[in-house]
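Listed here are the chains, written in short residue letters.
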Amino acid sequence: MKFIVSVLLLLTLSISHLSAYSPSDDKVSGSELARLGKRQTVDTSFLECVYEHCIHDPFFNETRIDDEILEIGRKASRYGSYPKYVRDSIIATDYPAGISKNDYDKLRKRIGSVSFTETLKDFNSGKLKHFETIFTDHYVYEENIPTFNWTYSDETDEICGYKCSKATAEFRGRKWIAWYSEEIPVDNGPLKFGGLPGLILKIEDTDKEHVFEAIQLRKNTRNFGYKAWSLMMPTDRKTFNKTMLDYKTDVVAFLDNEFPAAVNPDGSPFTHTKRRLFYNPVEKD
């Protein structure tokens, strides 16, 4: 009830706010520069790899595809949303003095929705920082760059024109099959994956609920880093994953935070189908 009242209150305030505007007010505000915040530069890339990430949610029996990019530098690497990369590149190239609110809104509509999820690896410290957003809150957690106990295979394949070898490993609740190329002697891969004598160009779990596959590899020189949000909540990996699970499985209860979580007669969590969002995490533990 509290959540519904809050929504109605916001709608009422929005309507009264709109009624106080005149068309000239919109023109003035739209010409102002958009406040996009600052990015903290960490390194400069020499190589970029664009991946197609297919995600299957067995609860809805639905598959979605995201385009993501790995930017690789000498000291660090960054993995994140490719549409966001494109949007940021356009702003940096076409609007060096800043972009107006009107132009930014047009660009957002053209590019579409973007993810603010970023994974930054610092090779010198051996640390990884993961940035992610839940609703309107921004989180960050740090951990050691994961190590993998890879089992090598004689099988080969070709991806993006590169000869690849096969390796398998278990990682945080899933069994993974990776295809890496020693023709690209870079210890890295999508998201948190790595630890092989070549760049991982494809990796999938044995249930094929997550499939990352390279669709473009290119040389580029570009500064990269992370979004320096003014309010960023530090946490740890397991706490964050539990918070994200609560949000995705019952968004109404998460936002309202008024009623205890519903359970089945046997005590297991009860999922409200209409409250659940598309979700299947890479890490199960």
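Values in this document were obtained by computation on a predicted structure and should not be read as measured data.

**Focus on the packing of helix α3 (residues 82-94) against helix α4 (residues 101-111)**
Part 1 of the argument: With their axes 10 Å apart at the nearest point, α3 and α4 run at an angle of 150° to one another. Crossing angle aside, the handedness with which α3 passes α4 is right-handed. Across the interface between the two elements, Pro83, Val86, Arg87, Ile90 and Ile91 of α3 pack against Tyr104, Leu107, Arg108, Arg110 and Ile111 of α4.
Part 2 of the argument: Each residue belonging to the contact of α3 with α4 can be placed in one class, and the counts come to seven nonpolar, no polar and three charged.

**Things to note about unusual backbone geometry**
Part 1 of the argument: The backbone of Leu191 sits at a positive phi, close to 55°, despite the residue not being glycine.
Part 2 of the argument: By the element assignment, Leu191 lies in the loop between β9 (174-181) and β10 (199-205).

**Some details on the pairing of strand β4 (residues 118-122)**
Part 1 of the argument: Summarising burial for β4: four of the five residues are buried, a large majority.
Part 2 of the argument: Taken together, the five bridges between strand β3 (residues 76-81) and β4 define a ladder with antiparallel strand orientation. Looking across to β4, one finds that Ala76 is bridged to Asp122.
Part 3 of the argument: Judged from the five bridges that link them, β4 and strand β5 (residues 127-134) form a sheet pairing that is antiparallel. Across the sheet, the residue bridging to Lys121 is Leu128, located in β5.
Part 4 of the argument: In this structure, the hairpin formed by β4 and β5 is closed by a connection of four residues, where Gly126 is found at a positive phi of approximately 75°.

**Topic: the layout of surface pockets**
Part 1 of the argument: Roughly 1100 Å³ of volume is contained in the largest pocket.
Part 2 of the argument: Around the largest pocket, the lining comprises 39 residues; the ones closest to its centre are Ile55, Asp66, Ser115, Thr117 and Glu132.
Part 3 of the argument: Where the lining of the largest pocket is concerned, the elements lending two or more residues are β1 (38-57), β2 (62-73), β3, β4, β5, β11 (210-219) and α5 (237-249).
Part 4 of the argument: Residues belonging to the lining of the largest pocket are distributed by class as follows: 18 nonpolar, twelve polar and nine charged.
Part 5 of the argument: Counted as a void, the second largest pocket has a volume near 770 Å³.
Part 6 of the argument: Taken together, 34 residues make up the lining of the second largest pocket; nearest its centre are Leu36, Arg39, Lys84, Asp88 and Ile91.
Part 7 of the argument: Top contributing element to the lining of the second largest pocket by residue count: α3, with seven residues.
Part 8 of the argument: A per-class count over the lining of the second largest pocket returns 14 nonpolar, ten polar and ten charged.

**Regarding the pattern of salt bridges**
Part 1 of the argument: According to the stated counting rule, one finds 21 salt bridges in the structure shown.
Part 2 of the argument: One salt bridge connects Glu118 with Arg78, and the closest N-O pair in it is separated by 2.8 Å. One end of the pair, Glu118, is in strand β4; the other, Arg78, is in strand β3, and 40 residues separate them in sequence.
Part 3 of the argument: Overall, the relative accessible area of 4% leaves Arg78 in the buried class.
Part 4 of the argument: Its salt-bridge partner being Arg237, residue Glu283 comes within 2.9 Å of it at the nearest N-O pair. Residue Glu283 is located in the segment after α6 (251-256), and its partner Arg237 is located in helix α5; the two are separated by 46 residues in the primary sequence. Accessibility classification places Glu283 together with Arg237 in one group, the buried group.
Part 5 of the argument: One salt-bridge network, held together by shared partners, links Arg39, Glu71, Arg78, Glu118 and Arg222.

Criteria and thresholds
- Residues numbered from 1 in each chain as written.
- Predicted model: local features only at pLDDT ≥ 70, side-chain atom pairs only at ≥ 80, totals over all residues.
- Heavy atoms only, no water.
- Axes fitted to C-alpha atoms, helices over the stretch in contact; angles between N-to-C directions.
- Helix = DSSP H or I, 4+ residues; strand = E, 2+ residues; numbered from the N terminus.
- Left-handed = near helix turned anticlockwise from the far one by under 90°.
- Contact = heavy atoms within 4.5 Å.
- Nonpolar A, V, L, I, M, F, W, Y, C, P; charged D, E, K, R; others polar.
- Buried < 20%, exposed > 50% of the residue type's maximum accessible area, 1.4 Å probe, protein only.
- Pairing = 2+ DSSP bridges.
- 1 Å grid on protein atoms, 1.4 Å probe; cavity = no way out; pocket = protein on both sides within 12 Å on 5 of 7 lines; lining within 4 Å.
- Points joined across faces, edges and corners; volume = space filled by probe spheres on them.
- Salt bridge = Lys/Arg side-chain N within 4 Å of Asp/Glu carboxyl O.

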